[in-house]
Every structure is written in structure tokens, then in C-alpha cells.
Amino acid sequence: MRLSARVDYALRAATELAASPDRPLTAERIAKAQEIPPKFLESILLQMRRGGIAHAQRGPEGGYWLARPATEISLAEIIRVIDGPLAHIRGQRPEDVGYGGAAAALQEVWIALRASEREILELVTLADVATGKLPDRVRDLASNPSAWA
């Protein structure tokens with residue numbers, strides 16, 4: 001799986017918002033906390049706002065905050081808002097890609113891969129990441145030494 005820098009920054013910014021649910025955070029504060037280029041972050045926050053992940057308010061008391069509780073926002077949702085569908089093959093959905101001959105089974109592999117990604121990314125919420133209390137399924141997978149190689 002390959003995630004863009006944009007998605008990585010969006011997930012990190014959203015986690016900062018999840019860790020501070022009681023007050024809006026400025027883009028500057030988020031950028032500094034996560035070492036994200038401020039101009040890049042501004043465009044990501046705008047995308048998150050348009051995608052229903054965050055709210056924003058201007059002014060001295062302004063900033064950004066999550067549009068819903070962090071327990072209701074999955075990592076998959078943020079990835080979709082920022083980069084679109086989770087798995088594409090040459091810009092197409094796996095079910096729309098057809099192969100012939102000996103490679104015909106690749107379509108099933110791509111569909112299974114997408115299902116596997118979804119299983120984890122829809123299971124994990126911003127609250128899980130912000131608190132460090134990941135679901136057991138994720139901890140079990142990550143604790144396997146071969147997962148780190």
C-alpha cells in the first residue's frame with residue numbers, strides 16, 4: 001500500500017484535532033506539532049472541511065476542529081476524502097479491471113487486497129490513534145515480526 005504525503009499529513013493533522021476535542025486548533029499549531037509545511041496543510045484542511053471531516057472558524061478564537069466525534073471518523077474515511085477510493089489499478093476500480101489468460105486471477109487478488117485494507121482502515125478511528133489504544137486486531141497484526149520486514 002502506498003499513501004501519498006497528502007494523506008499522511010491529513011491523517012496526522014486529524015489526529016492532532018482528535019487529541020484536542022475541547023478547543024479549535026490553528027493551522028499553524030497543527031503544522032508545528034506535526035512538522036507539516038503550513039501552506040500544504042492549509043489546502044489539506046480545506047479539503048477535510050469540504051469532505052465533512054473538519055469545521056473551521058476564522059478570527060482570534062478560530063481554528064479547526066473535527067466535524068464529528070473522533071470515535072466516528074475512520075482512517076479510511078479520511079483517505080477517501082483526500083485521495084479517493086482505497087484501491088485503484090491504473091485509475092480503475094478492481095472490479096472494473098479485467099485480465100485474460102494466465103493473469104485472470106489477478107482481479108481477485110486486487111479485490112482481496114482492497115478488502116484487507118478496508119478491514120483495518122475502517123476499523124481504526126481517529127480516537128484509537130490519538131489515544132494510542134488501537135484495536136486488538138491491529139495490535140495482533142503489528143506484533144508479528146514479519147509485518148515489520
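Bear in mind the structure is a predicted one, so any value in this text is a computation, not a measurement. (Residues numbered from 1 in each chain as written. Predicted model: local features only at pLDDT ≥ 70, side-chain atom pairs only at ≥ 80, totals over all residues. Heavy atoms only, no water.)

Visitor: Give me the lowdown on the pattern of salt bridges, citing residues and values where you can.
Guide: A side chain with one charge may pair with a side chain of the opposite charge, provided their charged atoms come close. Tallying each qualifying case throughout the model produces five salt bridges. With its nearest N and O atoms 2.9 Å apart, the salt bridge here joins Arg 12 to Asp 8. Placement of the pair is Arg 12 and Asp 8 together in helix H1 (residues 5–19), with a separation of four residues, close to one helical turn. Asp 8 sits in the partly exposed class, given a relative accessible area of 33%. Glu 119 is paired through a salt bridge with Arg 137; the nearest N and O atoms lie 2.9 Å apart. Of this pair, Glu 119 sits in helix H5 (residues 106–123) while Arg 137 sits in helix H7 (residues 136–143), and the two are 18 residues apart along the sequence. Take Glu 119: its relative accessible area is 40%, and that puts it in the partly exposed class. (Salt bridge = Lys/Arg side-chain N within 4 Å of Asp/Glu carboxyl O. Helix = DSSP H or I, 4+ residues; strand = E, 2+ residues; numbered from the N terminus. Buried < 20%, exposed > 50% of the residue type's maximum accessible area, 1.4 Å probe, protein only.)

Visitor: Kindly report on the packing of aromatic side chains, identifying the contributing residues and their values.
Guide: Scanning all chains against the criterion turns up one aromatic pair. Judged by centre distance (5.4 Å) and plane angle (85°), the ring pair of Tyr 9 and Phe 40 falls under edge-to-face. Placement of Tyr 9 in helix H1 and of Phe 40 in helix H3 (residues 38–50) is noted, with a sequence separation of 31 residues between them. (Phe/Tyr/Trp six-rings, centres within 6.5 Å; stacked < 30°, edge-to-face > 60°.)

Visitor: Got a sec to walk through the side chain of Ser 74? Specific residues and values, please.
Guide: Tracing the backbone shows Ser 74 in the loop between strand E2 (63–66) and helix H4 (75–83). Classification of Ser 74 as buried rests on a relative accessible area of 13%. Within the structure, the side chain of Ser 74 is placed 3.1 Å from the backbone nitrogen of Glu 77, a separation counted as a polar contact. Setting aside chain neighbours within four positions, we find Ser 74 in contact with Leu 121, Glu 122, Val 124 and Thr 125. (Polar contact = N/O pair within 3.5 Å; in protein donor to acceptor, adjacent residues only side chain to side chain. Contact = heavy atoms within 4.5 Å.)

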